[in-house]
Amino acid sequence: MSWADEPPRPDDTDLILVRHARPLLTSGTAAAQWVMDPAAVPDVHALANAVRAHVPTVGSVAGGCNVVASHEPKAIATARELAHVWGCGYSTSSDLEEHHRGPLPLVDDLTWRTTVARLFLHPATLVFGEETADEARERFTRGVDSVLVKRSGAAAPAVIVSHGTVITLYLAQANGLDHIELWDSLQLPEALLVRSRDRRLLGRVTPDGDLRLP
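An account of the accompanying structure is given in this report. (Residues numbered from 1 in each chain as written. Predicted model: local features only at pLDDT ≥ 70, side-chain atom pairs only at ≥ 80, totals over all residues. Heavy atoms only, no water.)

For the rest of this paragraph, the subject is the overall build of the protein chain. Per the secondary structure count, the protein chain includes six helices and seven strands. Moving toward the C terminus, one meets the helices and strands of the protein chain in the order β-α-β-α-β-α-α-β-α-α-β-β-β. In terms of overall dimensions, the protein chain has C-alpha extents of about 45 × 45 × 30 Å along its principal axes. A fraction of 67% describes how many contacts in the protein chain between residues 6 or more apart in sequence connect residues 24 or more apart. Total accessible area on the protein chain stands at roughly 9,800 Å², and carbon and sulfur atoms take up 52% of it. If you average the places of the 20 positive and of the 27 negative side-chain charges in the protein chain, the two averages end up 3 Å apart. (Helix = DSSP H or I, 4+ residues; strand = E, 2+ residues; numbered from the N terminus. Contact = heavy atoms within 4.5 Å. Areas by Shrake-Rupley, 256 points an atom, 1.4 Å probe, with all protein chains shown as cover. Lys, Arg positive; Asp, Glu negative; His and termini not counted. Charge placed at Lys NZ, Arg CZ, Asp CG, Glu CD.)

Below, the structure written as structure tokens:
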């Protein structure tokens, strides 16, 4: 049976990548400094309960439960609320932040989607910001690998709260997915269940409790 024919098994999850909750969009402030919208807290709590329903070990303190976030405020706040529901700790780690974009003006959804699509289509070219898509993927991969090494042997899966573009760059090619379609489909927040050894996407969990198989 080929990898493509192998049915996804959420029980194989040892890495959960969480896209942060909805931020407060603040004109004149770099996106990396945006905070989580306080009204999004119920969504994070609902996501935490949904993930625990599908991956029961995630909230196990005995299993080494810990939520790791990028250094961006909206990711830290999301990690804090997940940890609150699961009764475990949270921390930050390097290299998990979003694509380094620098200060950008707020634009309409279509313009932003077109800009990000160009980033995915030309991964070795500096399309905008301070790093190429390839550089962002390589950095994020280092960050994920660092978390996984530190959690080697833990019973609970590693949980990393990060950002849509770098999560897409990490998963899309490994799973034969279209980058822009994956990026465009990610919810705020959403959890992606992953088998880390080959980056196999095993399922997607949203605050409504649904488990969607890829």
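This part covers the packing of aromatic side chains. Inspection of the entire model under this criterion finds three aromatic pairs. When the ring of F120 is compared with that of W183, the centres are 6.5 Å apart and the planes differ by 70°; the resulting orientation is edge-to-face. Of the two residues, F120 is situated in helix α3 (residues 109-121) and W183 in helix α6 (residues 179-185); the sequence distance between them amounts to 63 residues. Pairing F140 with Y170 gives two aromatic rings, centres 5.5 Å apart and planes at 85°, and the pair type is edge-to-face. Of this pair, F140 sits in helix α4 (residues 133-150) while Y170 sits in helix α5 (residues 164-171), and the two are 30 residues apart along the sequence. The buried category is assigned to Y170, whose relative accessible area is 2%. (Phe/Tyr/Trp six-rings, centres within 6.5 Å; stacked < 30°, edge-to-face > 60°. Buried < 20%, exposed > 50% of the residue type's maximum accessible area, 1.4 Å probe, protein only.)

All right, on to the sheet that holds strand β1 (residues 15-19) then. Pairing within the open sheet is mixed, and its seven strands lie in the order β3-β2-β4-β1-β5-β6-β7. The sheet terminates laterally at β3 (89-92) and β7 (211-212), the two strands that pair on one side only. Inspection of the sheet shows strand β6 (residues 200-205) paired to β7 by two bridges, in the antiparallel sense. Within β7, the residue paired with R204 across the bridge is R212. Of the strands in this sheet, β1, β5 (190-195), β6 and β7 are in contact with helix α1 (residues 41-54), which crosses β6 at around 130°. Sitting on the sheet, helix α2 (residues 73-86) touches β1, β2 (66-69), β3 and β4 (158-162), and the angle it makes with β2 is about 175°. (Pairing = 2+ DSSP bridges. Axes fitted to C-alpha atoms, helices over the stretch in contact; angles between N-to-C directions.)

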